[in-house]
Amino acid sequence: RANLADRSAERIGAAWPAIADWPELEDGHAVHAPVNAFEPNPFGLFNTVGNVWEWCRDPYAPAYGDVVTELYPTRGGSFQHTAALARSSHRNPTTPDLRISSLGVRPARTLDP
């Protein structure tokens, strides 16, 4: 249900250390997976972890206390990382000028009631 470092990436020559953490994982996507490539999670949500780190708009707070206004959190892991990082509670501090292929946004839309 998530695009993570796996055998698909290894086949194209990726040497990410995270591939060894779960050697039997095969999600079928070497790098980016298309939107809705996986089934929803138990909450019915699609694309909430893996594929790309989610760049969040709120300022970064190291311990949910003191806010560091020049940093922003990224969440959810990416196609280059292990399942241990593929969770919304894992946060990384990121500067606004960072541009990498494993960082993006998770667009959302309003659902009709």
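So, a few notes on the structure that sits alongside this text. (Residues numbered from 1 in each chain as written. Predicted model: local features only at pLDDT ≥ 70, side-chain atom pairs only at ≥ 80, totals over all residues. Heavy atoms only, no water.)

### Here we look at the overall build of the protein
Within the protein one finds one helix and four strands. Taken from the N to the C terminus, the helices and strands of the protein come in the order α-β-β-β-β. Judged by the C-alpha coordinates and their principal axes, the protein covers about 40 × 40 × 20 Å. For the protein, the residues scored as buried account for 36% of the 113 residues in total. A sequence separation of at least 24 residues applies to 49% of the contacts in the protein between residues at least 6 apart. (Helix = DSSP H or I, 4+ residues; strand = E, 2+ residues; numbered from the N terminus. Buried < 20%, exposed > 50% of the residue type's maximum accessible area, 1.4 Å probe, protein only. Contact = heavy atoms within 4.5 Å.)

### Describing the nonpolar core
Among the nonpolar cores identified, the biggest contains five residues, and these are Ala5, Ala9, Ala14, Ala18 and Ile19. With residues near it in sequence (within four places) discarded, Ile19 still touches Ala5, Asp6, Ala9, Glu10 and Ala14. (Core = buried A, V, L, I, M, F, W, Y, C linked by side-chain atoms within 4.5 Å.)

### Section: the pattern of salt bridges
Here the structure, examined in full by the defined rule, presents two salt bridges. Note that Glu26 and Arg7 form a salt bridge whose closest N and O atoms lie 3.7 Å from each other. Of this pair, Glu26 sits in the loop between α1 (7–11) and β1 (53–55) while Arg7 sits in helix α1; the two residues are 19 residues apart in sequence, bridging distant segments of the chain. Between Glu26 and Arg11 there is a salt bridge whose closest N-O contact spans 2.7 Å. (Salt bridge = Lys/Arg side-chain N within 4 Å of Asp/Glu carboxyl O.)

### Notes on the side chain of Ser8
Within the element layout of this structure, Ser8 appears in helix α1. Here the side chain of Ser8 touches His29 through a polar contact of 3.5 Å, landing on its backbone nitrogen. When residues no more than four places from it in sequence are discounted, the contact partners of Ser8 are Glu26, Asp27, Gly28, His29 and Ala30. (Polar contact = N/O pair within 3.5 Å; in protein donor to acceptor, adjacent residues only side chain to side chain.)

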